[in-house]
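Below are the chains, spelled out letter by letter.
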Amino acid sequence: MAKFLEYVPGDSFLHRMNPCAKLIGAVLFAIACFVTSNLVFLLVLLAAALAMAVSCGLGRETAGLCKAVFAFSLILAVVILLTTPHGTPLVPLPWGYVGTGSLLAALTVIVRLMAAAIPLFLVFYVTKMNDITNSAVKQLHVPYKYAFTFTSTVHFIPVFMNDMAGIMEAQTARGVEFDGSLVKKVRLMIPLCVPLLVSSVRKTNSAAIAAEVRGFNLRTRESGYKDYPLRAGDWGALAVCALVLAAAVVLAVLGTPTLG
């Protein structure tokens, strides 16, 4: 199983796509998820996203991502259930009620976040960071320093996660027990942010020095040696994503049926 946001080599259609086409297609797909509230349409998008992940051989990684997104979206769903009385009342509350519309809204949030997150994360699993940076500079005309900053930020997320895991393992070896309630875990992890911060500053400083040595300030759009042509498959995938977004807009304009 690959580490979080770590490139996984492969020969699937998504692996072979143009990096910019992947990124733009994933963004269009995510926007479509947030434009509409039609639960049936969102379920179709979620199924399509899962199918894309399986076709790339990233089923286990996607399952782990879905668990994390589900845990976060579940919190939002509970808030919606408790604060959005809508539809036929099911459970009375002192300040309102939980209705059929509340259940539909909560379920919609969970499905929407999962469907939107999968394609965005797949982009980083099936594309090298250097390819994303170079293609964004060459084809989208993004200034190199901005493209480099974005990809470096994404690159350092798993690095910092691994550093935190190493610090926790070191503390466990010294007798610190992280088992227990969530409050206990948070209380024990707060002091560990200091060594993590020190390690992060050192890594960032080293990366900045390495970039300067390699002529970071001299980099232009023509500096990259690799080309990223757009093929028929890339245009087809972008067309499909655009059609998905158009369908989401149409459903949003027509309105979404509610329960009760």
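Look up: the structure comes first, before these words.
Right, let's walk through the structure included here. (Residues numbered from 1 in each chain as written. Predicted model: local features only at pLDDT ≥ 70, side-chain atom pairs only at ≥ 80, totals over all residues. Heavy atoms only, no water.)

When helices and strands are counted, the protein shows 10 helices and 2 strands. Referenced to the eigenvectors of the C-alpha coordinate spread, the extents of the protein come out at roughly 65 × 60 × 30 Å. Taking all 260 residues of the protein together, 38% fall into the buried category. Counting only contacts in the protein whose residues sit at least 6 apart along the sequence, the fraction spanning at least 24 positions is 75%. Of the accessible surface of the protein, which amounts to about 15000 Å², a share of 70% is contributed by carbon and sulfur atoms. For the protein, the separation between the mean place of its 20 positive charges and that of its 12 negative charges on side chains is 3 Å. (Helix = DSSP H or I, 4+ residues; strand = E, 2+ residues; numbered from the N terminus. Buried < 20%, exposed > 50% of the residue type's maximum accessible area, 1.4 Å probe, protein only. Contact = heavy atoms within 4.5 Å. Areas by Shrake-Rupley, 256 points an atom, 1.4 Å probe, with all protein chains shown as cover. Lys, Arg positive; Asp, Glu negative; His and termini not counted. Charge placed at Lys NZ, Arg CZ, Asp CG, Glu CD.)

Moving on: the nonpolar core. For soluble globular proteins, the rule of thumb is that nonpolar side chains tend to be buried together. Ranked by internal contacts, the top residues of the largest apolar core, which has 41 residues, are Cys33, Leu45, Leu58 and Ile118. If you tally residues by element for this core, the top one is helix H5 (residues 100-125), at 13 residues. Look past the residues within four positions of Leu58 in its chain and what remains in contact with it is Val8, Ala53, Leu122, Tyr125 and Val126. Of all hydrophobic cores here, the second largest spans 7 residues; its members include Leu5, Val123, Phe124 and Met129. (Core = buried A, V, L, I, M, F, W, Y, C linked by side-chain atoms within 4.5 Å.)

We now examine helix H4 (residues 59-83). Compared with the 36 Å implied by 1.5 Å per residue over 25 residues, the 35 Å span of H4 between its first and last C-alpha is a close match. Among the residues of H4, Glu61, Thr62, Leu65, Cys66, Val69, Ser73, Ala77 and Ile80 are the ones counted as buried. For H4, the elements touching its buried residues are helix H3 (39-55) and H5. (Expected span 1.5 Å × (residues − 1).)

Under the defined criterion, the tally for this structure stands at 1 salt bridge. The partner of Asp11 in a salt bridge is Arg16, and the shortest N-O contact between them spans 3.8 Å. According to the relative accessible area criterion, Asp11 is exposed, its value standing at 61%. Overall, Arg16 belongs to the partly exposed group, its relative accessible area being 46%. (Salt bridge = Lys/Arg side-chain N within 4 Å of Asp/Glu carboxyl O.)

On to unusual backbone geometry, then. Although it is not a glycine, His141 adopts a positive phi angle of roughly 60 degrees. As for its placement among the helices and strands, His141 is situated in the loop between helix H6 (129-139) and helix H7 (144-173).

It is worth spelling out the packing of aromatic side chains at this point. Per the counting criterion, the structure on display carries 1 aromatic pair. With 6.2 Å between their ring centres and 50 degrees between their planes, Phe124 and Phe150 make a pair best called tilted. Taken together, the residues Phe124 in helix H5 and Phe150 in helix H7 connect sequence positions 26 residues apart. Among the residues examined, Phe124 registers a relative accessible area of 11% and is labelled buried. (Phe/Tyr/Trp six-rings, centres within 6.5 Å; stacked < 30°, edge-to-face > 60°.)

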